[in-house]
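# Structural overview
Each chain, letter by letter, is given below.
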Amino acid sequence: MKSATVLILLALLSAQGPAPAKHDINYVVGPADILRVTVFNEPQLSGHFRIENDGTFNYPFLGRVKVDGLTVAAVASVLKEGLAEGYLRDPQITVEVVEFRSQSVFVMGEVRTPGKYVLSGSVTLLDALAQAGSTTPAAGADVQILHPTQQTSNAPTFPGQGDAEIEHVSLREIEDGKLSRNVTIRDGDTIFVPKADRFYVIGMVRNAGSYALERNMTVLQAISTAGGISERGSNRRLKIVRIVKNKRKEIDARPTDIVQPGDTIVVPQRLL
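Throughout what follows, the structure given in this document is the object of discussion. (Residues numbered from 1 in each chain as written. Predicted model: local features only at pLDDT ≥ 70, side-chain atom pairs only at ≥ 80, totals over all residues. Heavy atoms only, no water.)

### Quick look at the overall build of the protein chain
Each helix and strand counted, the protein chain has five helices and 17 strands in total. Over its C-alpha atoms the protein chain spans a radius of gyration of 25 Å, topping by over 25% the 19 Å that the globule rule assigns to 272 residues. Structurally, the protein chain occupies a C-alpha span of about 85 × 40 × 40 Å along its principal axes. Here the protein chain holds 272 residues, and the buried ones make up 43% of them. Within the protein chain, residue pairs in contact and separated by at least 24 positions form 59% of the contacts whose partners lie at least 6 positions apart. In the protein chain, 30 positive and 29 negative side-chain charges are present, and the distance between their average locations comes to 12 Å. (Helix = DSSP H or I, 4+ residues; strand = E, 2+ residues; numbered from the N terminus. Rg over C-alpha atoms; globule rule 2.2 N^0.38 Å. Buried < 20%, exposed > 50% of the residue type's maximum accessible area, 1.4 Å probe, protein only. Contact = heavy atoms within 4.5 Å. Lys, Arg positive; Asp, Glu negative; His and termini not counted. Charge placed at Lys NZ, Arg CZ, Asp CG, Glu CD.)

This is the structure:
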């Protein structure tokens, strides 16, 4: 069952339209971004600086500073280290992005309107999913974010195709309050939402049927997803029917066993 909390968040974000620009120290800067640098008690070193196409900007004393691909926090650290080398003693610096460049993000797989989206500002995973109309009922909870090693905005990158760094994020973790997993999306990233693997629960449960499998789901959690054991059922003599090398295999199951894709969990009737 898909997380109600995540669905509500996605619906709200989708209704709000494109994500607004916002201050985020983890935002990765690049060409056309405009930075506001503030050095405490040093107005001549403070001001607005546009990052040029080569990923640099010209800064007093330091000359051309290469910042393309750095986070806002990292840019502040680079400037602080540079000014501390013979110019200022313990400089206090803040950096903000006051004007964001457009970013191309691909949202593919089990979303309602897959495709390329041009967004601005600091874009999170939920922001991007909301722009694609949220996930479909067939979507899995584990999302893959592909960061291409060679920047391109012309086509999405799919798992197993091209050279990309893959980051896995569980929507269930976000629902459980782990908001740090609502990660920032970079320019050129592809968000891929795979179709959920399925498992089956039959026998003495309240709602027998097929369900989406979540990562590291146990037999007990799978039975709970099916509404739990009915009054006539028993938590003893649980079985898993699994296809192994094209052969049907029946396995004695414990509540803590991990369910695999395609498993059928059999809950027996309680002995009188």
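### Examining the pairing of strand β16 (residues 247-252)
Regular strands place their side chains on alternate faces of the sheet. Counting buried positions along β16 yields zero of six residues, so the element is predominantly exposed. Bridging between strand β15 (residues 239-244) and β16 involves six bridges; their strand directions are antiparallel. Bridge pairing links Ile243 to Arg248 in β16. The hairpin turn running from β15 into β16, its antiparallel successor, is two residues long, and Lys245 in that turn takes a positive phi close to 55 degrees. (Pairing = 2+ DSSP bridges.)

### Focus on the sheet that holds strand β1 (residues 34-39)
Strand order across the open sheet formed by three strands is β2-β1-β5, with antiparallel pairing between neighbours. This sheet does not close on itself; its edge strands, each paired only once, are β2 (47-50) and β5 (93-99). For this sheet the average axis-to-axis angle between neighbouring strands, irrespective of direction, equals 30 degrees. Where β1 lies against β2, four bridges are found, and the strand directions are antiparallel. Within β2, the residue paired with Leu35 across the bridge is Phe49. In the packing of helix α2 (residues 72-84) onto the sheet, the strands contacted are β1 and β5, and the crossing angle to β5 comes to about 135 degrees. (Axes fitted to C-alpha atoms, helices over the stretch in contact; angles between N-to-C directions.)

### Focus: the pairing of strand β12 (residues 190-193)
Side chains of β12 alternate between two faces, with Thr190 and Phe192 and Ile191 and Val193 buried alike. In the sheet, strand β6 (residues 102-109) pairs with β12 via four bridges, with the strands oriented parallel. Paired with Gly109 across the two strands is Val193, which belongs to β12. Taken together, the three bridges between strand β9 (residues 142-148) and β12 define a ladder with antiparallel strand orientation. Across the sheet, residue Gln144 finds its bridge partner in β12, namely Phe192.

### As for the pattern of salt bridges
Applying the stated criterion across every chain yields a total of 12 salt bridges. Two residues, Arg242 and Asp263, come together in a salt bridge whose shortest N-O distance is 2.7 Å. Taken as a pair, Arg242 in strand β15 and Asp263 in the loop between β16 and β17 (264-267) lie far apart in primary sequence, 21 residues in all. The residues Arg242 and Asp263 share a single accessibility class, namely buried. Here the residues in one salt-bridge network are Arg172, Glu175 and Glu214, joined through shared partners. (Salt bridge = Lys/Arg side-chain N within 4 Å of Asp/Glu carboxyl O.)

### Quick word on the side chain of Glu110
Its location among the elements puts Glu110 in the loop between β6 and β7 (115-120). Lys195 is the oppositely charged side chain nearest to the buried, salt-bridge-free Glu110, at an N-O distance of 4.2 Å.

### Considerations on the nonpolar core
By size, the foremost hydrophobic cluster in this structure holds 22 residues, and its most contacted members are Val29, Phe57, Tyr59, Leu79 and Val95. For this core, the elements supplying multiple residues, two or more each, are β1, β3 (56-59), α2 and β5. Broken down by element, the residue count for this core peaks at five residues, all from α2. If you look at the next biggest cluster of nonpolar residues, it comprises 21 residues, including Val111, Ala128, Ile185 and Val193. (Core = buried A, V, L, I, M, F, W, Y, C linked by side-chain atoms within 4.5 Å.)

So yeah, pure geometry; function would need other evidence.
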